[in-house]
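Reading the structure
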Amino acid sequence: MDNEMTFYQFLMTLRDPDDYNEVVQFANNAFYDQSFPKQQTNYQKLSQYLEMNGNYLPSMTIFDDAWQQYLEKIQ
């Protein structure tokens, strides 16, 4: 598919204010995170950022789920 898509761009395709799925809520909250590394495609760097700054992310498992969906989309 589109292997030029960043993780942030992928997340933005999931946004929906009326959906309470954890990954969708992550996407909604990441939209408001001014410092989110929007150009990043590296799992480790994104994970590190979220561990330090993702106070809106109740569990890193949600990030892992979103990352898996991202990988499936770009392959």
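Residues numbered from 1 in each chain as written. Predicted model: local features only at pLDDT ≥ 70, side-chain atom pairs only at ≥ 80, totals over all residues. Heavy atoms only, no water.

Describing helix H3 (residues 43-53)
Taken together, the buried positions of H3 are Leu-46, Ser-47, Tyr-49 and Leu-50. Along the axis of H3, the buried positions cluster into a sector of 160°, meaning they face one direction only. The exposed residues of H3 that point more than 90 degrees off its buried face are Gln-44, Gln-48, Glu-51 and Met-52. Residues of H3 that are buried sit in contact with helix H1 (7-13), helix H2 (22-31) and helix H4 (60-74). Put simply, Asn-42 is the residue that caps the front of H3, since its side-chain oxygen is 2.9 Å from the backbone nitrogen of Gln-44. (Buried < 20%, exposed > 50% of the residue type's maximum accessible area, 1.4 Å probe, protein only. Helix = DSSP H or I, 4+ residues; strand = E, 2+ residues; numbered from the N terminus. Arc of directions from axis to C-beta. Contact = heavy atoms within 4.5 Å. Polar contact = N/O pair within 3.5 Å; in protein donor to acceptor, adjacent residues only side chain to side chain.)

Some remarks on the packing of H2 against H4
Think of two packed helices as two axes; the pair is described by the angle between the axes and how far apart they sit. Contact pair H2 / H4: the axes reach a minimum separation of 9 Å and the direction vectors enclose 90°. Here H2 lies roughly perpendicular to H4, going by the angle between them. Side by side, H2 and H4 meet where Glu-22, Val-23 and Phe-26 of the first sit next to Ile-62, Phe-63, Asp-65, Ala-66 and Gln-69 of the second. When grouped by side-chain class, the residues that make up the contact of H2 with H4 number five nonpolar, one polar and two charged. (Axes fitted to C-alpha atoms, helices over the stretch in contact; angles between N-to-C directions. Parallel < 35°, antiparallel > 145°, perpendicular 65-115°, else oblique. Nonpolar A, V, L, I, M, F, W, Y, C, P; charged D, E, K, R; others polar.)

A look at the UniProt feature "domain: YozE SAM-like" (unreviewed entry) in the chain
According to UniProt, the "domain: YozE SAM-like" (unreviewed entry) feature falls on residues 6-72. The span residues 6-72 is 61% helix and 0% strand, and its two end C-alpha atoms sit 13 Å from each other. (UniProt positions renumbered as here; feature names shortened; annotations may be inferred.)

Overview of the nonpolar core
Formed by 23 residues in total, the largest nonpolar core has its most connected members in Phe-7, Leu-11, Phe-26, Phe-36, Leu-50 and Phe-63. Elements with a contribution of two residues or more to this core: H1, H2, H3 and H4. With six residues, H4 is the largest single contributor of residues to this core. Leave out the neighbours within four places in its chain, and Leu-50 touches Phe-26, Phe-36, Tyr-56, Leu-57, Met-60 and Phe-63. (Core = buried A, V, L, I, M, F, W, Y, C linked by side-chain atoms within 4.5 Å.)

Focus: the packing of H3 against H4
Between H3 and H4, the shortest axis-to-axis distance is 11 Å and the interhelical angle comes to 150°. By the angle class used here, H3 and H4 are roughly antiparallel. For the crossing formed where H3 meets H4, the hand is right-handed. Mapping the contact onto sequence places Tyr-43, Leu-46, Ser-47, Leu-50 and Glu-51 in H3 and Met-60, Phe-63, Asp-64 and Trp-67 in H4. Counted by class, the contact of H3 with H4 contains six nonpolar, one polar and two charged residues. (Left-handed = near helix turned anticlockwise from the far one by under 90°.)

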